[in-house]
Amino acid sequence: MAQEFLDFILALVIVIVAAKLGGYISYRFRQPSVLGELLAGLILGPTVFDMLHTLPLFHEPEILAESLTMLAELGVILLMLLAGLELHLDELLSSGKVAALAGVLGVVVPLGMGYGTALFFGAEQTEALFIALTLSATSVSISAQTLMELQVLRSRVGLGLLGAAVFDDILVILLLSVSFVLVGGAAGGLGSVLTTILGMVVYLIVAIVLGFWLLPRLAVWVSKLPISQRMIAFVLVITLLYAWAAEVIGGMAAITGAFLVGLFLARTPFRDEIEQGISAMAYGFFVPIFFVNIGLEVNMRAIGGDVLWFAIAITVVAVISKIVGSGAGALLGGFSAKESWQLGVGMVSRGEVGLIVSSFALTEGLLSQTNFSIAVFMVIIATLVTPPMLRASFKA
């Protein structure tokens, strides 16, 4: 058996055991299990132990890290599929006004405050813009997991949160595209921006039409086939196709496509069967890898000296601006002050979306390695504080 594969299966054992142990300890302290899984990743990663590089049992850490990252991406896709299955589409549509206002203000306020903070600490205008865009991004996968644990995902706050995240995702990707065209020297100019918008519109129209008309009929047809686990295999194929098309055609995050599939399949009579099968696969294997892998990818010790104050400031701004922006949008949309606070807190987590934005800017030479580390620091801290803050907001 190849050494790389032996390393891979040993790493999986360590990651899954650490995730479940961390989740159990977190639960015992009356915190969401996801918090313990995230902390387990930080301990195993370069911040503390650096498992992949310090253990002599692992011979190809780069290959191993890439393999774990791909499994983690599958984990977040399945997590958002399950979040979609938890909802009824008509309930989500009923939160349209709140979702639009909270989503838009949840981008605009962090964008402005983040840009000003970065300039204050001496960042160049281009880098300040992309740091601000990282602050604007929201990833609700962790918030959705926490809300599911609290059994409030289908509350007004949960529905508004998920709807706002859709608006947030579309607006941030659009702003990223426009910013890259204006300051990054992207070819195509205005035509590139229009192409991005067109891709989003085409993807959403096709995805919605197929989701309403074709997917339910396909599900009924598949249910009659003499194939083992036919429905689960069908759901996996459709989810992966939607996720792939969301990025390739729509220019949006893959998790948006997975979430849409969950919404559409929740309307079918096979919802419970799908949820049971996907949950076992997701929470038993893929989702723990996703949460632990966040910690495996960053080194929090790399930030020190004067840079640390910038990192702390931008993190505080990230938390406050998202609560203020999304919370104000929810309040304007008719939510109570408490509900607006809860929704604002739920939008704080940046997760993989923030990492995607900052990684893109780094790859294109629009963000220095130091400022990229600061952005990652912000993403990790914002992601870590969201579960306990969200739980506390619902217990208050």
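Refer to the preceding data block for the structure.
Residues numbered from 1 in each chain as written. Predicted model: local features only at pLDDT ≥ 70, side-chain atom pairs only at ≥ 80, totals over all residues. Heavy atoms only, no water.

Asks: I keep staring at the overall build of the chain and nothing clicks. Help me out?
Replies: A tally of regular secondary structure across the chain gives 17 helices and zero strands. The globule rule puts the C-alpha radius of gyration for 396 residues at 21 Å, and the 20 Å found for the chain is close to it. Projected onto its principal axes, the C-alpha positions of the chain cover 65 × 55 × 50 Å. The 396 residues of the chain split such that 55% are buried. For the chain, the proportion of contacts with a sequence separation of at least 24, taken over those separated by at least 6, is 81%. As displayed, the chain offers around 16700 Å² of accessible surface, 70% of which is attributable to carbon and sulfur atoms. (Helix = DSSP H or I, 4+ residues; strand = E, 2+ residues; numbered from the N terminus. Rg over C-alpha atoms; globule rule 2.2 N^0.38 Å. Buried < 20%, exposed > 50% of the residue type's maximum accessible area, 1.4 Å probe, protein only. Contact = heavy atoms within 4.5 Å. Areas by Shrake-Rupley, 256 points an atom, 1.4 Å probe, with all protein chains shown as cover.)

Asks: Please explain the environment of Ala266 as it appears in this structure.
Replies: Structurally, the position occupied by Ala266 is in the loop between α12 (254-265) and α13 (271-296). Not counting residues up to four positions away in its chain, the partners in contact with Ala266 are Gly84, Leu85, Leu87 and Arg271.

Asks: When you look at the packing of helix α6 (residues 96-120) against helix α7 (residues 125-136) in this model, what are you seeing that I'm missing?
Replies: How two helices pack is summed up by the angle between their axes together with the distance between the axes. At their nearest, the axes of α6 and α7 sit 7 Å apart, and the two run at 145° to each other. Two packed elements cross with a definite hand, and for α6 against α7 that hand is right-handed. Contact residues: α6 offers Gly106, Val107, Pro110, Leu111, Gly114, Tyr115, Ala118 and Leu119, while α7 offers Gln125, Ala128, Leu129, Ile131, Ala132, Leu133, Leu135 and Ser136. (Axes fitted to C-alpha atoms, helices over the stretch in contact; angles between N-to-C directions. Left-handed = near helix turned anticlockwise from the far one by under 90°.)

Asks: I would appreciate a short explanation of the packing of helix α4 (residues 61-85) against helix α8 (residues 141-150) in the present structure.
Replies: Two elements in contact, α4 and α8, have axes separated by 10 Å at closest approach and are oriented at 50°. When the axes of α4 and α8 are compared, the pair comes out oblique. Note on packing geometry: the crossing formed by α4 with α8 is left-handed. Contacts from Val76, Leu79, Met80, Leu82 and Ala83 of α4 reach α8 at Ser141, Ala144, Gln145 and Met148. Residue composition of the contact of α4 with α8, by class: seven nonpolar, two polar and no charged. (Parallel < 35°, antiparallel > 145°, perpendicular 65-115°, else oblique. Nonpolar A, V, L, I, M, F, W, Y, C, P; charged D, E, K, R; others polar.)

Asks: Whenever I open this one, the side chain of Thr117 confuses me. Can you help?
Replies: Mapped onto the fold, Thr117 is located in helix α6. Of the polar contacts made by the side chain of Thr117, one reaches the backbone oxygen of Met113; its length is 2.8 Å. Once residues within four sequence positions are removed from consideration, Thr117 is found in contact with Phe310, Ala313, Ile314 and Val317. (Polar contact = N/O pair within 3.5 Å; in protein donor to acceptor, adjacent residues only side chain to side chain.)

Asks: Looking at this model, I keep getting lost on α12. Mind explaining?
Replies: A turn of α-helix holds 3.6 residues, and therefore any two residues three or four places apart point the same way. Here α12 spans 17 Å end to end across twelve residues, near enough to the 16 Å set by a 1.5 Å rise per residue. Among all positions of α12, only Ala254, Ile255, Thr256, Gly257, Ala258, Phe259, Leu260, Val261, Gly262, Leu263, Phe264 and Leu265 are buried. (Expected span 1.5 Å × (residues − 1).)

Asks: Hey, could you run me through the pattern of salt bridges in this one?
Replies: Close approach of charged atoms allows side chains with opposite charge to pair. The tally for this structure, following the rule as stated, stands at four salt bridges. A salt bridge links Glu339 to Arg156; the nearest nitrogen and oxygen atoms lie 2.6 Å apart. With a gap of 183 residues between them, Glu339 in helix α15 (residues 337-346) and Arg156 in helix α9 (residues 156-183) connect regions that are remote in the sequence. Overall, the relative accessible area of 46% leaves Arg156 in the partly exposed class. Through salt bridges with shared partners, a single ionic network connects Arg271, Asp272 and Glu275. (Salt bridge = Lys/Arg side-chain N within 4 Å of Asp/Glu carboxyl O.)

Asks: Mind showing me how you'd approach α7 here?
Replies: Between its first and last C-alpha, α7 extends 16 Å over twelve residues, near the 16 Å set by a 1.5 Å rise per residue. Here α7 lies mainly inside the structure; nine of its twelve residues are buried. Listed in full, the buried residues belonging to α7 are Glu127, Ala128, Phe130, Ile131, Ala132, Leu133, Thr134, Leu135 and Ser136.

Asks: What's the story with a nonpolar patch on the surface in this structure? I'm lost.
Replies: A contiguous nonpolar surface patch, about 860 Å² in accessible area, is contributed by Met113, Phe120, Phe121, Leu308, Trp309, Ile312, Val316, Ile320 and Val324. Of all elements in the fold, only α6 and α14 (306-332) reach the threshold of two or more residues within the nonpolar patch. Looking at the nonpolar patch element by element, the count peaks at six residues for α14. One can find Val316 in helix α14. In this structure Val316 comes out as partly exposed when scored by relative accessible area, which is 43%. (Patch = residues over 30% accessible without salt bridge, like charges linked within 9 Å, V, L, I, M, F, W, Y side chains within 5 Å.)

Asks: When you look at the packing of aromatic side chains in this model, what are you seeing that I'm missing?
Replies: This model, assessed by the stated rule, comprises seven aromatic pairs. Ring plane angle 45° and centroid distance 6.4 Å describe the contact between Phe5 and Phe8, whose orientation is recorded as tilted. With a gap of three residues between them, Phe5 and Phe8 both fall in helix α1 (residues 3-28), about one helical turn apart. Owing to a relative accessible area of 41%, Phe5 belongs among the partly exposed residues under this scheme. Here Phe8 falls in the buried class, since its relative accessible area comes to 19%. (Phe/Tyr/Trp six-rings, centres within 6.5 Å; stacked < 30°, edge-to-face > 60°.)

Asks: Explain unusual backbone geometry to me, please; I cannot follow it from the model alone.
Replies: The phi angle of most residues is negative, glycine excepted, and most peptide bonds adopt the trans form. Here the phi dihedral of Asp50 falls at roughly 55°; this positive angle occurs in a residue that is not glycine. We note that Gln151 has phi near 60°; this positive angle belongs to a residue other than glycine. By the secondary structure assignment, Gln151 is in the loop between α8 and α9. According to the relative accessible area criterion, Gln151 is exposed, its value standing at 73%.

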